[in-house]
Amino acid sequence: MQFNWNIKTVASILSALTLAQASDQEAIAPEDSHVVKLTEATFESFITSNPHVLAEFFAPWCGHCKKLGPELVSAAEILKDNEQVKIAQIDCTEEKELCQGYEIKGYPTLKVFHGEVEVPSDYQGQRQSQSIVSYMLKQSLPPVSEINATKDLDDTIAEAKEPVIVQVLPEDASNLESNTTFYGVAGTLREKFTFVSTKSTDYAKKYTSDSTPAYLLVRPGEEPSVYSGEELDETHLVHWIDIESKPLFGDIDGSTFKSYAEANIPLAYYFYENEEQRAAAADIIKPFAKEQRGKINFVGLDAVKFGKHAKNLNMDEEKLPLFVIHDLVSNKKFGVPQDQELTNKDVTELIEKFIAGEAEPIVKSEPIPEIQEEKVFKLVGKAHDEVVFDESKDVLVKYYAPWCGHCKRMAPAYEELATLYANDEDASSKVVIAKLDHTLNDVDNVDIQGYPTLILYPAGDKSNPQLYDGSRDLESLAEFVKERGTHKVDALALRPVEEEKEAEEEAESEADAHDEL
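Remember, it's a predicted structure, so these values are computed and weren't measured experimentally.

Draft legend 1. Examining helix H13 (residues 344-355) more closely. Here H13 is twelve residues long and its end C-alpha atoms lie 17 Å apart, about the 16 Å a rise of 1.5 Å per residue gives. Within H13, the full set of buried residues consists of Asp346, Val347, Leu350, Ile351 and Phe354. Along the axis of H13, the buried residues cluster in a sector spanning 130°; they form a single face. Those residues of H13 hidden inside the fold are in contact with helix H11 (275-291), strand S13 (297-302), strand S14 (322-327) and strand S15 (332-335). Once H13 finishes, Gly357 follows within two positions and takes phi at roughly 75°, a positive value.

Below, the structure is given as structure tokens:
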């Protein structure tokens, strides 16, 4: 089974860390701002009289709304003289019917209207003012800008805040199938990037050959990347853009985390306390980032704002700066030991070992118990595989969290099950009932979607683990181990005669009561 890492969870951790900084007044734009307050009475006329409107449906008490408020105010100030684009707010605590009409289920919800109240589109951009401005300005422009003068193209690239994708056409270009592909991709990704098509002679001489177009991706402050794929279709072009659009050593926060996580390749973090630390690390990291583009993403993380994320990576947030690589597929973390001050040599060595497949992952684990003090076998990360993959035994494991209410409620039945097996010499040699605190211990290749997760690893068939999804009572658990386990040991048959008789009498009593009803 494969571990499914929850991207949304960590992204929300990163973004939520700064919410406490928002004041009670920030969700509602000030009266003197250029953000328009809309009500049920003014909504339709405003939307239909403006070509492009970004509307925020919000609640004044919402923490994320408080964080977004100043960004909207700043964006509206930048766009104040633009007749094509407007920014508006709808307070859903006051305009309940209007918000219900658009099925607003969470705050803030951002929708883009194009001159009519029906069928708005969801805002897909980042929630910083510059990103909002860029996104909305693109709504009033065609997906691809045609710029043929070299100076104008150079200026467009220099002024861009996001990557620019350029189609360089040879002078004799006509009826090109690739042109259709480029425009198709631009229509899909126009909100994220700037797309330009050019017949600039200077660019054509430098990048094209014969009658074949060239495709460039230019990141702010970096040299252009040139598409070199053998096939040119929308799938290959989108994949290339996804890889090349990420900076060699960009910063990561709640707004950018998702794009890095969805790349599904290892993510190398450098946690820094100040810009001097970051700049010094960049000199070491960027050459590796260029060499490993598309294989490893390298990012800086502001530890002053987001240092708590270190815990998610099995690192100590108090010992900075730090460097750690997170393999998103296996969920393994590889960090530079924090027993001494981090050096550039340490960073280099870890990267080289990771690339060579020689780095050792950091396993979060409690100490291995010297003595098992309970009938339920206490598993820890370091000893998990040794116990679970013992081919001679059926091993049932409860993966749990101490705060989980369901885990607490099932504990008595689980402990009783373990006691029945443990008290019988033959059964205890064939069956192990174990538990693992997943908040304190890492495990590889286990699909833990919630707590408790119960998995039986049958003797002699460890590659075919059995997920339990039945009732959490003693009888159901015992039946599961008996039916799915290799040894077919019946825990209920191991109960002392007195207990078995009491159980039978209790069952009969319950049956009689049911009949009377």
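Draft legend 2. How the structure looks around the side chain of Lys435. Mapping Lys435 onto the fold places it in strand S18 (residues 431-437). The residues contacting Lys435, other than those within four sequence positions of it, are Glu374, Val376, Phe377, Lys378, Leu379, Lys398 and Tyr400.

Draft legend 3. Geometry of the sheet that holds strand S11 (residues 250-251). On the basis of which strands lie adjacent, the open sheet formed by five strands has the order S11-S13-S12-S14-S15 and mixed pairing. Sheet topology places S11 and S15 at the edges, where each strand pairs with a single neighbour. Note that S11 and S13 share two bridges and pair parallel. Its bridge partner lying in S13, Asp251 is registered against Gly300. The sheet strands contacting H11 are S11, strand S12 (267-272), S13 and S14, and the helix crosses S12 at an angle near 160°. Running over the sheet, H13 touches S13, S14 and S15 and is turned about 15° from S14.

Draft legend 4. Main features of the pattern of salt bridges. In this structure the tally under the stated criterion is 17 salt bridges. Salt-bridge contacts for Arg293 lead to Glu244; the nearest nitrogen and oxygen are separated by 3.4 Å. Within this pair, whereas Arg293 is found in the loop between H11 and S13, its partner Glu244 is found in helix H9 (residues 234-244), the two being separated by 49 residues in sequence. An identical accessibility class is assigned to Arg293 and Glu244; each is buried. Of the charged contacts, one joins Glu366 and Lys378 as a salt bridge, the two residues approaching to 3.4 Å between their closest N and O atoms. Remark: Lys378 occurs in strand S16 (residues 377-379) and Glu366 occurs in the loop between H13 and S16; sequence separation between them is twelve residues. Salt bridges here are not isolated pairs; linked through shared partners, they connect Arg219, Glu222, Glu244 and Arg293.

Draft legend 5. Fine view of the sheet that holds strand S9 (residues 214-218). Pairing within the open sheet is mixed, and its five strands lie in the order S6-S8-S7-S9-S10. The open sheet has two edge strands, strand S6 (144-146) and strand S10 (225-226), and neither has a second partner. Sheet topology note: the strand S7 (residues 164-168)/S9 ladder contains five bridges and is antiparallel. Paired with Val164 across the strands is Val218, a residue of S9. Here helix H6 (residues 150-159) sits on the sheet in contact with S7, strand S8 (194-198) and S9, set at roughly 160° to S7. Taken strand by strand, H9 contacts S7, S8, S9 and S10, and its axis lies near 30° from that of S9.

Draft legend 6. Structural view of the pairing of S14. Summarising burial for S14: six of the six residues are buried, a large majority. Side chains of S14 alternate between two faces, with Leu322, Val324 and His326 and Phe323, Ile325 and Asp327 buried alike. Relative to S15, S14 runs antiparallel, the two sharing four bridges. When the sheet's bridge partners are listed, His326 is paired in S15 with Lys333. Taken together, S14 and the strand that follows it, S15, pair antiparallel across an intervening segment of four residues, in which Asn331 is found at a positive phi of about 65°.

Conventions we followed
Residues numbered from 1 in each chain as written. Predicted model: local features only at pLDDT ≥ 70, side-chain atom pairs only at ≥ 80, totals over all residues. Heavy atoms only, no water. Helix = DSSP H or I, 4+ residues; strand = E, 2+ residues; numbered from the N terminus. Expected span 1.5 Å × (residues − 1). Buried < 20%, exposed > 50% of the residue type's maximum accessible area, 1.4 Å probe, protein only. Arc of directions from axis to C-beta. Contact = heavy atoms within 4.5 Å. Pairing = 2+ DSSP bridges. Axes fitted to C-alpha atoms, helices over the stretch in contact; angles between N-to-C directions. Salt bridge = Lys/Arg side-chain N within 4 Å of Asp/Glu carboxyl O.

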